[in-house]
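Fold and contact review
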Amino acid sequence: MVRLSWIPFVFASLSVAVETTQHSTREAACTVKVQHKPWQMLTSAERTAYINAELCLMEAPTRLNVAGSKTLWDDLQWAHILQANVMHDVGHFLPWHRYFFVVHGNLLREECGYTGPLPYWDETADASLSDLSRSPVFQNTAFGGTGSGAQSYITTGPFASLALRMRRPGQSASNYRISRSLNVRSLASARQASLDACFQMTTYTAAWECWGGSPHGAGHGATGGLMVDVFASPGDPVFYLHHGWLDAMWWKWQTLDLPGRLTDMGGRNVPRLSYVQRLGTGLPGREWTDYHGERGNITTLNHILSVNELAPNVTVGNVMDVGGSVVCADYIFSNSFNATINTIVDGFMTTFTE
Ligand SMILES: [Cu+2]
């Protein structure tokens, strides 16, 4: 009952929040940029600091008035659970997850005093491993390994005893833990050939569906377990590493044609019926669609992104430039990835000029 009355309450205050956000966005400047950087490039001290900050977030008290939520970690997961049929399979899929990554990073700083880079998982670098347990991501001093037992819960690493609670909209909270089923096969979707197809798309309308396909599936599928749960996947901290990578890929794509791709947006606003039928949720209700800030079924720069009350609402336009005040980041890529991109771009330009 609490949950049902909570939804209209959030949206009653939403129009005010948006005005405030747009106002403060104009005034705020991006001064100190945070680095979005491959986990593989972090020093061991940086890795430890990040893991400790995640552990702190997992203990920090809830800020949302949601039944069953005890921690900020639950709150973040809940925002994703509640909107699983709102921001997946749509044009604002990439902007929403970019903002979600930023909000998670801001909470690490605000709540836990974290000052280091925000890591992402360079999945292309790990795609050629023989075994994913060799990945720097899945070490016991990092995010822990694969799951075991009837529920495939992880038993190693700093998050092995993490208590999770949130599962589905309308479902009461119940304790469970992080499950995983590591398999390197799914990372084939992060190999160069798979990325090439997306980098060669010339419009956002074509590109978002490409990025949302194989590359998006790569880290989710390779981690397995909770990470393949479309609702509750942010319960596993690997979620942020994976979406940080996907976001870095989108930004790299944007940089291949600037400034045009700072404003290139599109794609449907509401998921396909077949998609929400698979989720078992039905289409998003008017409590969401009325507040997207648009008419019609095409995502525009005016589309409103909400993470419930964990952070102010912003628009898609606010997160398009990662050097802007909302994201305010430098995206760092490994040398081998940059070399790969140069090959892609050179190959593409050759084709283009012939
Ligand atoms: Cu998602």
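A few points on the structure. Quick caveat, the model's predicted, so the values are computed rather than measured.

**A look at the coordination of the copper ion**
Each protein donor to the copper ion is listed here as His80 (NE2), His88 (NE2) and His97 (NE2); together their distances run 2.0 to 2.1 Å. Donor residues for the copper ion, ordered by position in the chain, follow H-x7-H-x8-H.

**Here's the deal with helix α8 (residues 204-211)**
Listed in full, the buried residues belonging to α8 are Tyr204, Ala207, Trp208, Cys210 and Trp211. With its buried residues spanning 160 degrees around the axis, α8 presents them on a single face. Buried residues belonging to α8 abut α5 (93-112), α7 (192-199), α9 (214-223) and α10 (238-255).

**Digging into the nonpolar core**
Membership of the largest hydrophobic core comes to 100 residues, with the highest contact counts inside it found for Tyr99, Trp121, Phe143, Trp211 and Met249. In terms of residue count, the dominant contributor to this core is α10 (eleven residues).

**Digging into the side chain of His303**
Assignment of secondary structure puts His303 in the loop between α12 (286-289) and β5 (304-305). Judged by relative accessible area, His303 falls into the buried class, the value being 0%. A distance of 3.0 Å separates polar atoms of two side chains, one belonging to His303 and the other to Asn269. Here His303 is in contact with His92, Asn269, His292, Glu294, Val314, Thr315 and Val316, once residues within four sequence places are set aside.

Definitions and limits used
- Residues numbered from 1 in each chain as written.
- Predicted model: local features only at pLDDT ≥ 70, side-chain atom pairs only at ≥ 80, totals over all residues.
- Heavy atoms only, no water.
- Donors = N, O, S within 2.8 Å, 3.2 Å for Na, K, Ca; no water.
- Buried < 20%, exposed > 50% of the residue type's maximum accessible area, 1.4 Å probe, protein only.
- Helix = DSSP H or I, 4+ residues; strand = E, 2+ residues; numbered from the N terminus.
- Arc of directions from axis to C-beta.
- Contact = heavy atoms within 4.5 Å.
- Core = buried A, V, L, I, M, F, W, Y, C linked by side-chain atoms within 4.5 Å.
- Polar contact = N/O pair within 3.5 Å; in protein donor to acceptor, adjacent residues only side chain to side chain.

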